[in-house]
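# Summary of structural features
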Amino acid sequence: MSGLLTLDLVVAVLAAGAWLGAGATAAMAPGPADPPRRPWLVMALVALAVLAAAGRVVTVVLLLRVGWWFAAEKVILGLPLLFGGGIAALVLLGTPGRPARPARIGPRGVLALFGAGYAAAAGPVVTLLGGYPVTWSVGLVTVALVIGATVATARVLGRSRLRAPAVAAFTTALLGVALAVVTTSTVDTGGGTADRLGPTTMVTDLRGPDTPAPGGVVRRFTLTARTATVDTAGGRRVSAWTFNGQVPGPAITANQGDLIEVTLVNADISAGVTLHWHGYDVPAAQDGAPGLTQDAVQPGQRFVYRFRADQTGTYWYHTHEASDTGVKLGLFGSLVVSPRPATTGAPSGEELDLTVPLHTVAGVLTAGEHGAPADRTVAPGTPVRLRLINTDDVPRVLELAGTPFRVVAVDGTDLHSPGELRRTGVRVPAGGRYDLAFTMPATTVHLGLSTGDGLTFVPTGPAAPPAAMPTEGRPLLDLLSYGTPAATAIEAGRRADRRFTLVLDRGLGLAGGRPSYGYTVNGRAFPQVPTEVVRAGDLVEFTIVNRSRDIHPWHLHGHHVLVLARDGREPTGSPLWLDTFDVRPGEVWRVVFRADNPGVWMNHCHNLAHADQGMVLHLAYAGYATPFHGGHGNG
Ligand code: C2O
Ligand code: CU
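This paragraph deals with helix H3 (residues 68–93). Helix length check: H3 (26 residues) gives 35 Å between terminal C-alpha atoms against 38 Å at 1.5 Å per residue, within 8%. Along H3, the helix axis deviates most sharply at Val 75, where the bend reaches about 45°.

Quick look at the structure:
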């Protein structure tokens, strides 16, 4: 699919290049009335352009079969321009079926060839800059540009009497721009209304309980953000942004029902800091979204977060202010909540429960707490749980060699009857968490990274031969067919109250008000992407489409989503409740969630560089608002 998008682009560029090449070759004549120097080349390039145009029809039809999102602008704009310009050029060159003699190309013919070239080029240019959805405004501006370029070429070639087309191009462009201004909307209601039900509530009032559940305790932590020098796995010292001088920051652990209280202090991070509890569906006021749920904490300031540890599982925290830079430089750590320990019955046996953040520091991918030994000695028979957390911007492939294992939980939620895996790699999306479980054998086990060192588990007792190290090219686990189905809180087949489509792409956008080539949602960059409006209690469905060549790990704050389908295929395994999932190039995901956590939430790509360049929008509950500036440009 991603190959198809590329092929289509190649064919489109080829067609444009062939027409323009033919024009340039035809223009190379001793005098305006003379035949071109290389007439055969002109004819060969024209033939190539015709072939490429035919090829483009094939690629567009194939893309249409995958989905309208991928072919829309090509059908509406690209192909009509390609064929319109091409046919006009062929007609001007000579009647079809009786090819013109090269001697007769002349200035009009040359211009026609260039015009066909610009028209053909407009398709790929719109695809790359504007993408989906194609609007009247984009269409008008494109046509204006094609005419304008042809007029300019006429001038360069010494034919300047094209005043009428020039005026037409200018007016068309103006109309297009005006239309864009008039039709810009700021909300998307997904098929429902945007009416609020009562008086407006501020997100800052959505604080949640500030005491533990009965039997729980208060867990207090202080995280001080400051610059520091840390040791990398490669033995180098690098300057970093840290919590309490370490990367990752202190591990936050609690039992279900405890109250977690974290005081964030900013010592000297001039960019400002917040704490976002990634995957933890906290009340909105605790979410750490700068400009939305709080202002960023500046040097010398502090902010206290308090929330009940209701969800168990593996999560992480990170700064959400200047998050692209901040997380890369070290402002993150793990958050693990365990089930309340049984107060009766026999104590559970020894267990190794290891949190393994995967993070790149100074170009080296590191597994686990920095400074912790890469080798661990484990008694055979010990149950081992590895909590993998991908804190980087790109997916990480891991392989567990030397033992069968299970993926017991993803994004904090247990999977339903996960089967035993052997010689299978797992690919953890950026921001995602996978919990792997195995029983320590009498031989060595190795957690391998596709790059970097990994971790080794060595059995105690008599020296056993080392297990085979991971091999490249193992099949990757597909969660959609892993485990077995089970009932969920969302009734199968129930129609959603609101449906939203998010088409992810690259393109021209106004990120932070300045035009830039960034990452877009439905053709717009944050803060221009319309806010999705829902009502508390709604069942909400997202269709997320990736038209680009990059992977976009999608992350909605405050909610876990249930996967309905990927590329039209429904999961056949365990229900999948995720908070971060990779939408790979050309993929179409359908997910659903219950709007049960009121507030105003960020909804964004967790490749934080993409978020920084526009791939962010908000999901707001009707009747809830932020007292902060809201349009803050930082993912
Ligand atoms: Cu970990 Cu808004 O993200
Ligand atoms: Cu992205």
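This part covers the side chain of Asp 411. The topology assignment puts Asp 411 in the loop between strand S16 (406–410) and strand S17 (413–414). Within the structure, Asp 411 has its side chain in polar contact with the backbone nitrogen of Asp 579 (distance 2.7 Å). Look past the residues within four positions of Asp 411 in its chain and what remains in contact with it is Thr 314, Tyr 315, Gly 432, Arg 433, His 560, Trp 577, Leu 578, Asp 579 and Thr 580.

Below, the discussion takes up the coordination of the copper ion (ligand 2). Coordination of the copper ion (ligand 2) by the protein is provided by His 552 (ND1), Cys 605 (SG) and His 610 (ND1), with metal-donor distances spanning 2.0 to 2.1 Å. Spacing between the donor residues of the copper ion (ligand 2) along their common chain follows H-x52-C-x4-H. Of the two residues, His 552 sits in strand S26 (residues 552–556) while Cys 605 sits in strand S31 (residues 600–605), which places them 53 residues apart along the sequence. Given the relative accessible area of 0%, His 552 is considered buried. Given the relative accessible area of 0%, Cys 605 is considered buried.

Turning next to helix H6 (residues 163–183). Along an α-helix, a turn takes 3.6 residues, which lines up residues three or four apart on a common side. Its 21 residues place the ends of H6 31 Å apart at the C-alpha level, agreeing with the 30 Å of an ideal helix rising 1.5 Å per residue. When we look at burial in H6, the residues that qualify are Ala 169, Thr 172 and Gly 176. End-on view of H6: buried residues confined to an arc of 70°, all on one side of the axis. Relative to its buried face, H6 has exposed residues pointing more than 90 degrees away, namely Arg 163, Ala 164, Val 167, Phe 170, Leu 174, Leu 175, Val 181 and Val 182. The secondary structure elements touched by the buried residues of H6 are helix H5 (136–156).

The next point concerns the sheet that holds strand S6 (residues 259–266). Strand pairing within a sheet occurs via backbone hydrogen bonds; the two strands may be parallel or antiparallel. Pairing within the open sheet is mixed, and its four strands lie in the order S4-S3-S6-S8. Since the sheet does not close on itself, it has two edges, and those belong to strand S4 (237–243) and strand S8 (302–308), each with one partner. Averaged over all pairs of adjacent strands, the angle between strand axes in this sheet comes to 25°, irrespective of strand direction. Note that strand S3 (residues 218–231) and S4 share seven bridges and pair antiparallel. Bridging across to S4, Thr 227 finds its partner in Trp 241.

The subject of this paragraph is the side chain of Thr 355. Along the polypeptide, Thr 355 turns up in strand S11 (residues 352–361). Under the relative-accessibility criterion, Thr 355 is labelled buried at 16%. When sequence neighbours within four positions are dropped, the list of residues in contact with Thr 355 reads Ser 334, Val 336, Gly 368, Glu 369, Arg 387 and Ile 389.

A few words on the pattern of salt bridges. Using the criterion set out here, one finds 25 salt bridges in the structure. In this structure, Glu 73 engages Arg 547 in a salt bridge whose closest nitrogen and oxygen atoms are separated by 3.0 Å. Here the residue Glu 73 occupies a position in helix H3, and Arg 547 occupies one in the loop between strand S25 (539–546) and S26, the gap between them amounting to 474 residues. A salt bridge links Arg 220 to Glu 261, with the nearest nitrogen and oxygen atoms 3.2 Å apart. With a gap of 41 residues between them, Arg 220 in strand S3 and Glu 261 in strand S6 connect regions that are remote in the sequence. For Glu 261, a relative accessible area of 12% gives the class buried. Taken together, the shared-partner salt bridges in this structure form one network comprising Asp 8, Arg 56, Glu 73, Lys 74, Asp 505 and Arg 547.

For the rest of this paragraph, the subject is the sheet that holds strand S32 (residues 616–621). The strand order S1-S24-S32-S31-S26-S29 describes an open sheet built from six strands, whose pairing is mixed. Each edge of the sheet is formed by a strand with only one pairing partner; in this case those strands are strand S1 (187–188) and strand S29 (580–583). Pairing of S26 with S31 involves three bridges; the strand directions are antiparallel. Paired with Trp 554 across the two strands is Cys 605, which belongs to S31.

Definitions and limits used
- Residues numbered from 1 in each chain as written.
- Chains lettered and ligands numbered in written order.
- Predicted model: local features only at pLDDT ≥ 70, side-chain atom pairs only at ≥ 80, totals over all residues.
- Heavy atoms only, no water.
- Helix = DSSP H or I, 4+ residues; strand = E, 2+ residues; numbered from the N terminus.
- Expected span 1.5 Å × (residues − 1).
- Bend = angle between axes of the 7 residues up to and from the residue.
- Polar contact = N/O pair within 3.5 Å; in protein donor to acceptor, adjacent residues only side chain to side chain.
- Contact = heavy atoms within 4.5 Å.
- Donors = N, O, S within 2.8 Å, 3.2 Å for Na, K, Ca; no water.
- Buried < 20%, exposed > 50% of the residue type's maximum accessible area, 1.4 Å probe, protein only.
- Arc of directions from axis to C-beta.
- Pairing = 2+ DSSP bridges.
- Axes fitted to C-alpha atoms, helices over the stretch in contact; angles between N-to-C directions.
- Salt bridge = Lys/Arg side-chain N within 4 Å of Asp/Glu carboxyl O.

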